[in-house]
Amino acid sequence: MEISMKINGAEVTHDVESRTLLVHFVRENAGLRGTHWGCDTSNCGACVLWVDGTPVKSCTMLAASAAGHDITTVEGLEKDGKLDPIQQGFIECHGLQCGFCTPGMLMTGRWLLDNNPKPSEEEIREGISGQLCRCTGYKNIVDSIHWAADHPAENEVSA
Amino acid sequence: MQTPAPVDYVRATSVADALSLLQQHGDEARLLAGGHSLLPMMKLRLARPDILVDINDLDELRGIRVEGNEIVVGAMVTHAEILSSPILFEHYPIFREAEKVIADPIVRNKGTMGGSMCQADPAEDLSAVGAALRGTVVIQNAEGRRTVPMREFHEGPYETKVADGEILVEVRYPILPGAGSAYEKVERRSGDWAVCAAGACVTISGGVFTSVGIGIGAVNAEHFTAVDAEAYLVGKEPTAENIAAAAQMAADSCDPSADQRGPADYKKHLAMELTKRALTRAAAAAKGA
Ligand SMILES: Cc1cc2nc3c(=O)[nH]c(=O)nc-3n(C[C@H](O)[C@H](O)[C@H](O)COP(=O)(O)OP(=O)(O)OC[C@H]3O[C@@H](n4cnc5c(N)ncnc54)[C@H](O)[C@@H]3O)c2cc1C
Ligand code: FES
Ligand code: FES
């Protein structure tokens, strides 16, 4: 079936099988490999992207269900060559090692801050409880999100 | 890579349209709500529908509202919406307590009330909540609507009164003025299904329980509840001894099986302890306690 959706503001149309999962549509058809694909079972959160501004696990949504909707992926965080503070936070606080979990962490972290600009450590840990990181032990991820909360306008660094 | 088997896909434009699509395709068709139980099952080939009828566009199935002395929750209301609903929190904090420990924040953005009810996993948290609150489920088919009490809704694990060609449209919860409610759950790790969970909803007047609702999940309690324990408490004072005795009766009526979430005797112990805690907190929160 022919499926169209907006991804990071650009209209994308492809003819795919109706069983195609959104994560594969975004990675294989739209060629945006920033969104990762890990457990396949809605547990790890590597595949988190936004549908109409709300984070979802894209391995557990059909591309067909996303047709006509607005998708934002990790590639969409950067604006006019400027990193989003959440991205800068992960650089400042060394919030990643292998980086596999990072796209999901960034998308969930940004959304968390949009809804709760000054989260406590507990609220951050609860907020990312649907994401697994096998490297960092989470401490630096929590610090990175805190950094972004403390520097809301500090996206002055060029990408 | 896990992917569903080939399947057709159609978006329903109204409940009437969804019903006629279901009729047209018979038992080959499945409704697609949040997809967070159905798609994983399709990946594992535990479900193999030929066609998915997506009901995500149906605004008539959304919304949480008060109607008379009932709170009505639409089938497509998400876990996240239940968690943050001021109406539900005002009357029944049990919803917020249960939702906080259902899956994780991202899954909660997709999973729905209707999907949870119809999936009918023996560990489904909203089933235990619905039993404690004595909710009723509204089911629609080509002929019209009918209501089924939550306590008659489950036919067994993963089986409910919703037949082929039918849609669960909403769940209704009676408002009990002054009620206290609470939810307790033990899971192996954050976001996991319950090893055991218990909820309670009570009213107290003149120093004694005037109504008691108990919901118990994941330990094979008949209809997710414990009617003997409820009946025992009505008319009694909310003392620690009375509550402990009822909690023990509730646990005795459960029949958990041993699995990767724990041995049967441990789960039975949890059923007792969690029922006790939920009743104790619900009693403390009830007006007139
Ligand atoms: C990682 C993870 C952790 C989870 N943890 C928990 C937990 O701790 N506690 C808990 O309670 N749940 C948990 N869940 C389940 C979650 O609540 C699911 O979202 C829910 O079980 C199904 O809701 P859904 O909207 O996704 O339904 P779907 O997957 O879309 O549908 C499930 C079934 O119900 C049918 N159906 C859906 N809506 C209707 C309707 N309106 N009328 C008739 N039939 C319908 C579908 O055809 C399908 O057969 C978890 C899920 C995941 C992925
Ligand atoms: S790949 Fe989607 S949650 Fe792991
Ligand atoms: S940085 Fe490796 S999984 Fe998180």
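Residues numbered from 1 in each chain as written. Chains lettered and ligands numbered in written order. Predicted model: local features only at pLDDT ≥ 70, side-chain atom pairs only at ≥ 80, totals over all residues. Heavy atoms only, no water.

A. Spatial organisation of the overall build of chain A. When you go through chain A residue by residue, the secondary structure sums to six helices and five strands. Its helices and strands taken in sequence order, chain A reads β-β-α-β-β-α-β-α-α-α-α from the N to the C terminus. Principal axes of the C-alpha set define a box for chain A whose edges measure 45 × 35 × 25 Å. The buried share of chain A, reckoned over its 159 residues, is 53%. Accessible surface, chain A as shown: approximately 6,800 Å² in total, 48% of it carbon and sulfur. In chain A, 12 positive and 22 negative side-chain charges are present, and the distance between their average locations comes to 4 Å. (Helix = DSSP H or I, 4+ residues; strand = E, 2+ residues; numbered from the N terminus. Buried < 20%, exposed > 50% of the residue type's maximum accessible area, 1.4 Å probe, protein only. Areas by Shrake-Rupley, 256 points an atom, 1.4 Å probe, with all protein chains shown as cover. Lys, Arg positive; Asp, Glu negative; His and termini not counted. Charge placed at Lys NZ, Arg CZ, Asp CG, Glu CD.)

B. Local environment of the environment of Pro177(B). Relative to the helices and strands, Pro177(B) is located in the loop between β10 (167-174) and β11 (180-187). Measuring from C-alpha to C-alpha, the distance between Pro177(B) and Pro105(B) comes to 31 Å, with 72 residues separating the pair along the chain.

C. Local environment of the interface of chain B and chain A. Across the contact, 29 residues belong to chain B and 31 residues belong to chain A. Of the roughly 2,200 Å² buried where chain B meets chain A, counting both sides, 58% is carbon and sulfur surface. In terms of surface lost to chain A, no three residues of chain B exceed Tyr9(B), Lys43(B) and Ile106(B), which account for 24% of the buried area on that side. Note that Arg108(B) is salt-bridged to Glu126(A), the shortest N-O span being 2.9 Å. For the side of chain B that touches chain A, the elements supplying multiple residues, two or more each, are β1 (8-11), α2 (38-43), β3 (51-54) and α6 (105-108) of chain B. Sorting elements by how many residues they give to the side of chain B that touches chain A places α6(B) first, with four residues. A class-by-class count of the residues in the side of chain B that touches chain A yields 13 nonpolar, seven polar and nine charged. (Contact = heavy atoms within 4.5 Å. Buried area = accessible area lost by both parts, 1.4 Å probe. Salt bridge = Lys/Arg side-chain N within 4 Å of Asp/Glu carboxyl O. Nonpolar A, V, L, I, M, F, W, Y, C, P; charged D, E, K, R; others polar.)

D. Structural view of helix α4 (residues 102-115) of chain A. For α4(A), with 14 residues, the first-to-last C-alpha span of 20 Å sits near the 20 Å given by 1.5 Å per residue. A large share of α4(A) lies buried, amounting to eleven of its 14 residues. Three or more residues of α4(A) are buried, namely Thr102(A), Pro103(A), Gly104(A), Met105(A), Leu106(A), Met107(A), Thr108(A), Gly109(A), Arg110(A), Leu112(A) and Leu113(A). If you follow the buried residues of α4(A), they end up packed against β3 (48-51), β5 (70-72), α3 (85-92), α5 (121-127) and α6 (139-150) of chain A together with α6 of chain B. (Expected span 1.5 Å × (residues − 1).)

E. Quick look at the domain arrangement of chain B. Residue and element names in this part refer to chain B. Annotation of chain B at the domain level lists domain 1 (8-54), domain 2 (62-174) and domain 3 (180-285). Using only C-alpha atoms to locate each centre, domain 2 and domain 3 end up separated by 20 Å. With 23 residues of domain 2 in contact, the opposing surface of domain 3 contributes 27 residues. With both chains or domains summed, domain 2 and domain 3 bury close to 1,900 Å², and 58% of this area falls on carbon and sulfur atoms. Our count for the contact surface shared by domain 2 and domain 3 stands at four salt bridges. Between Arg151 and Glu230 there is a salt bridge whose closest N-O contact spans 2.5 Å. Scanning the region where domain 2 abuts domain 3 turns up twelve residue pairs in polar contact (both at pLDDT 80 or more). Broken down by secondary-structure element, the contributors of at least two residues to the side of domain 2 that touches domain 3 are α5 (94-99), α8 (125-133) and α9 (150-153). Looking at the side of domain 2 that touches domain 3, the element that brings in the most residues is α8, giving seven residues. Residue classes in the side of domain 2 that touches domain 3 are distributed as 14 nonpolar, two polar and seven charged. (Domains from an automatic or database assignment. Polar contact = N/O pair within 3.5 Å; in protein donor to acceptor, adjacent residues only side chain to side chain.)

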